[in-house]
Amino acid sequence: VQLQASGGGSVQAGESLRLSCAASGRTFGRFAMGWFRQAPGKEREFVAAIMWSGGSIYYSDSVKGRFTISGDRAKSTVYLQMNSLKPEDTAIYYCAAEPRIITSSIGVPSAYDHWGQGTLVTVSS
């Protein structure tokens, strides 16, 4: 599976951005796509994920209510709509994919074998 992420940029606090991640290759079965982020000096953290089979969606508490993950299965593309952005959302955002995810591990970076190149999101106050 190869992933191509896009959509990062610089915005003011309160504004919105939408990230996209297109997957190519085997995207069936218990396939999950997720977004993680990593701020300078911090560990990579889970943001949101979606299961292709069943459509279950998961969010971290820090973005719940502000970010929305969605997927277009026909295009094998996942989107992350980020609203009401805060300076603490500043990070490199990575999309990830795993063909055989275990639900209990959906928020764990090491559970994903495939990663996109990362896209920088900068939110200024």
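In this report, we go over the structure that sits alongside the text.

Calculation criteria
- Residue numbers restart at each chain and count upward from 1, following the sequence in its written direction.
- Where local features are concerned, this predicted model is filtered to residues with pLDDT of at least 70; where side-chain atom pairs are given and counted, the filter is 80 or more; whole-chain, interface and lining totals use all residues.
- As a convention, hydrogens and water are excluded, and side-chain values are obtained from all of the structure's heavy atoms.
- By definition, disulfides here are pairs of cysteine sulfur atoms that lie within 2.5 Å.
- Each helix corresponds to a stretch of at least 4 residues labelled H or I by DSSP, and each strand to a stretch of at least 2 residues labelled E; elements are numbered beginning at the N terminus.
- Accessibility here uses a 1.4 Å probe with only protein chains present; expressed as a share of the type maximum, an area under 20% marks a residue as buried, one over 50% as exposed, and anything in between as partly exposed.
- We define a nonpolar core as any set of buried Ala, Val, Leu, Ile, Met, Phe, Trp, Tyr and Cys residues linked to one another through side-chain atoms lying within 4.5 Å.
- In what follows, residue pairs with any heavy atoms lying within 4.5 Å of each other are defined as contacts.
- The definition of a polar contact used here is a pair of N or O atoms within 3.5 Å, where within protein one atom must be able to donate a hydrogen and the other to accept one, and adjacent residues in sequence count solely through side-chain atom pairs.
- The criterion for an aromatic pair is that two Phe, Tyr or Trp rings (for Trp, the six-membered ring) have centres within 6.5 Å, with stacked assigned to planes under 30 degrees apart, edge-to-face to planes over 60 apart and tilted to the rest.
- We call a charge positioned above a ring when the Lys NZ or Arg CZ atom is no farther than 6 Å from the ring centre and deviates by at most 35 degrees from the ring normal.

In this section: the state of the cysteines. Following the criterion strictly, the structure yields one disulfide and no others. Disulfide pairing is shown between cysteine 21 and cysteine 95; the S-S distance is 2.1 Å. Across the S-S bond linking cysteine 21 and cysteine 95, the dihedral sits near 55°, which makes this disulfide right-handed. Residue cysteine 21 is located in strand E3 (residues 17–24), and its partner cysteine 95 is located in strand E9 (residues 91–98); the two are separated by 74 residues in the primary sequence. Pair check on accessibility: cysteine 21 and cysteine 95 agree, each one buried.

If you look at the biggest cluster of nonpolar residues, it comprises 28 residues, and the most contacted ones within it are Met33, Trp35, Val47, Phe67, Leu80, Met82 and Tyr93. Among the elements of the structure, strand E1 (2–6), E3, strand E4 (32–38), strand E5 (45–51), strand E7 (67–72), strand E8 (77–82), E9 and strand E11 (119–124) are those that each provide at least two residues to this core. The residues touching phenylalanine 67, leaving out its near neighbours within four places in the chain, are Arg37, Val47, Tyr59, Leu80, Gln81, Met82, Asn83, Leu85, Asp89 and Tyr93. Grouped together as the second largest cluster of nonpolar side chains are ten residues, Ala32, Phe46, Met51 and Ala111 included.

We now examine the environment of threonine 90. By the secondary structure assignment, threonine 90 is in the loop between E8 and E9. Given the relative accessible area of 24%, threonine 90 is considered partly exposed. Separated by 30 residues in sequence, threonine 90 and leucine 120 have C-alpha atoms that sit 7.8 Å apart. Aside from chain neighbours lying at most four places away, what touches threonine 90 is Ala39, Val121, Thr122 and Val123. In terms of polar contacts, threonine 90 uses its side chain to reach the backbone amide nitrogen of valine 123, at 2.9 Å.

What follows is about unusual backbone geometry. Residue serine 76 is not a glycine yet carries a positive backbone phi of 50°. Within the secondary structure, serine 76 sits in the loop between E7 and E8. One non-glycine residue, serine 84, lies in the positive phi region at around 50°. When its relative accessible area of 41% is taken as the criterion, serine 84 is described as partly exposed.

The next point concerns the packing of aromatic side chains. Under the definition given, this model contains five aromatic pairs. Summarising the aromatic geometry, the rings of phenylalanine 36 and tyrosine 112 are spaced 5.2 Å apart at their centres and angled 75° between planes, so their arrangement reads as edge-to-face. Placement of phenylalanine 36 in strand E4 and of tyrosine 112 in the loop between E9 and strand E10 (114–115) is noted, with a sequence separation of 76 residues between them. Judged on exposure class, the residue phenylalanine 36 and its partner tyrosine 112 are both buried. Grouped by ring-pair contacts, the aromatic residues Phe36, Phe46, Tyr94, Tyr112 and Trp115 constitute a single cluster. Over the aromatic face of tyrosine 94 sits the side chain of arginine 44, whose NZ or CZ is 3.8 Å from the ring centroid. Positioned above the aromatic ring of tryptophan 115 is the side chain of arginine 44, whose terminal nitrogen or guanidinium carbon lies 4.7 Å from the ring centre.

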